[in-house]
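# Breakdown of the fold
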Amino acid sequence: MTALKSIYTLADSGLVAHDALPALVPVAERYAVALTETVVNLIDRTDPFDPIARQFVPSVRELVEKPEERADPIGDDTHSPVPGIVHRHRDRALFMLVHACPVYCRFCFRRESVGHGGDSALLPQTFAGAIDYIAAHPEIWEVIFTGGDPFILTPRRIAEVSSRLAAIAHVKLLRWHTRVPVVDPGRIDDEMIAALLVPGASTIVALHANHPRELGPDARRAIAKLIDAGIPLVSQTVLLRGINDEISTLEALMRAFLECRIKPYYLHHPDLALGTSHFRVSIDEGLSLMRALRARLSGLAIPTYVLDIPGGYAKVPLESRDVEKTATGWRIRDHEGRWHDYPPATDNV
């Protein structure tokens, strides 16, 4: 089986009904669609509410937009000094190497800018400008590769990028954000691992997974290859309605990360991306789940529950004094002491 990259191939494979195609056409025209063979094989076709399918199979609910939703929910554009770079925090910068992914999550906060453009790799002059920006800013200690999923690049390109950044004296940490080890584990081979390891900077991988079934045997082998080569892994998970918003599922996922030698890092409150309200839980629900996790798990297995303040004001731990409930929603304080209103979750189920 090859990757499924259209609603028509999804219908031919039985993942959506053929009579649903007319309603799904506008969804697919607006937001990219792709499922790898690995993801397709993870889906339980007997379960109409399968949590793997819910993450990747498009739905007409994506066309329902709420007033509080935004095309750029975490304010990337506000903090982009040059194309390809987001410099929100003083000591680290995002480097958006590519605007494509092997799979497209239906809740993606960059869904307006990712996909529909082939590999959408940076043009040479854009790449050079991004490198020059990092080199000119000695406060940048860490570079975070994202996009898109940078692990869709060839090992040769990854090695080139890693070497260019590691050659900048003040850059000491290269962090790669990816889903590839769980959605296309065959890409994690010796050539890829060699490309990630360069002298002059340390490498770390942040793995995005949202359900324990994503950490199957093939994924665990790919993860073990990275860790056995000396590359630490941390996790990123989005708290999603109908996918991992039950304590048993979230507990199993955090245990699975540790079993794979991955340190649970962030549990993200879902962002206010357009057409994603059916995935969002309330902050109350998230805090309740965190209390339950702390009662069941070792501290090693507890992620930090965070929310990106809309508009580009950075992440805030939701289990902190920087969060206050109000009569109409929440108030959240950023790192500069400014308070921001945050809306309650709205239903779209």
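Everything that follows concerns the structure shown earlier in this document.
Procedures and definitions
Residues numbered from 1 in each chain as written. Predicted model: local features only at pLDDT ≥ 70, side-chain atom pairs only at ≥ 80, totals over all residues. Heavy atoms only, no water. Pairing = 2+ DSSP bridges. Helix = DSSP H or I, 4+ residues; strand = E, 2+ residues; numbered from the N terminus. Axes fitted to C-alpha atoms, helices over the stretch in contact; angles between N-to-C directions. Buried < 20%, exposed > 50% of the residue type's maximum accessible area, 1.4 Å probe, protein only. Right-handed = clockwise from strand over helix to strand, strands pointing away. Core = buried A, V, L, I, M, F, W, Y, C linked by side-chain atoms within 4.5 Å. Contact = heavy atoms within 4.5 Å. Parallel < 35°, antiparallel > 145°, perpendicular 65-115°, else oblique. Nonpolar A, V, L, I, M, F, W, Y, C, P; charged D, E, K, R; others polar.

### Here's the deal with the sheet that holds strand E1 (residues 85-89)
- The 9 strands are arranged E1-E2-E3-E4-E5-E6-E7-E8-E9 in an open sheet whose pairing can be described as mixed. Single-partner strands in this sheet number two, and they are E1 and strand E9 (315-317). With strand direction ignored, the average angle separating the axes of adjacent strands in the sheet is 25°.
- Taken together, the 3 bridges between strand E7 (residues 263-268) and strand E8 (residues 304-308) define a ladder with parallel strand orientation. The residue of E8 that forms the bridge with Tyr266 is Thr304.

### Remarks on the pairing of E8
- Most of E8 sits inside the fold, with 4 of its 5 residues counted as buried.
- As for the winding sense of the linkage, the β-α-β connection from E7 through helix H11 (residues 283-296) to E8 is right-handed.
- Here E8 runs beside E9; their pairing, made up of 3 bridges, is antiparallel. Following the sheet pairing, Asp308 is matched in E9 by Lys315.
- Adjacent in sequence and paired antiparallel, E8 and E9 are bridged by 6 residues, among which Gly311 carries a positive phi angle near 100°.

### Focus on the nonpolar core
- By size, the foremost hydrophobic cluster in this structure holds 99 residues, and its most contacted members are Leu35, Phe95, Leu165 and Trp176.
- Counting residues per element, this core draws most heavily on helix H10 (residues 247-259), at 6 residues.
- Aside from chain neighbours lying at most four places away, what touches Leu165 is Phe95, Ile131, Ile134, Val143, Phe145, Val171 and Leu174.

### What to know about the packing of helix H5 (residues 124-135) against helix H6 (residues 155-166)
- In the contact formed by H5 and H6, the axes pass within 11 Å of each other and the chain directions differ by 30°. Between H5 and H6, the crossing angle belongs to the class labelled roughly parallel. Contacts from Phe127, Ile131 and Ile134 of H5 reach H6 at Arg157, Val161, Arg164 and Leu165.
- A class-by-class count of the residues in the contact of H5 with H6 yields 5 nonpolar, no polar and 2 charged.

### Structural notes on the pairing of strand E3 (residues 142-146)
- Of all 5 residues making up E3, 5 are buried, and the element is well covered by its neighbours.
- The side-chain alternation of E3 yields two buried faces, one formed by Glu142, Ile144 and Thr146 and the other by Val143 and Phe145.
- The pairing of strand E2 (residues 92-96) with E3 spans 5 bridges and is classified as parallel. The residue bridging Phe95 from the neighbouring strand is Phe145, located in E3.
- Bridge count for E3 against strand E4 (residues 173-178) is 4 bridges, and the pairing is parallel. When the sheet's bridge partners are listed, Phe145 is paired in E4 with Trp176.

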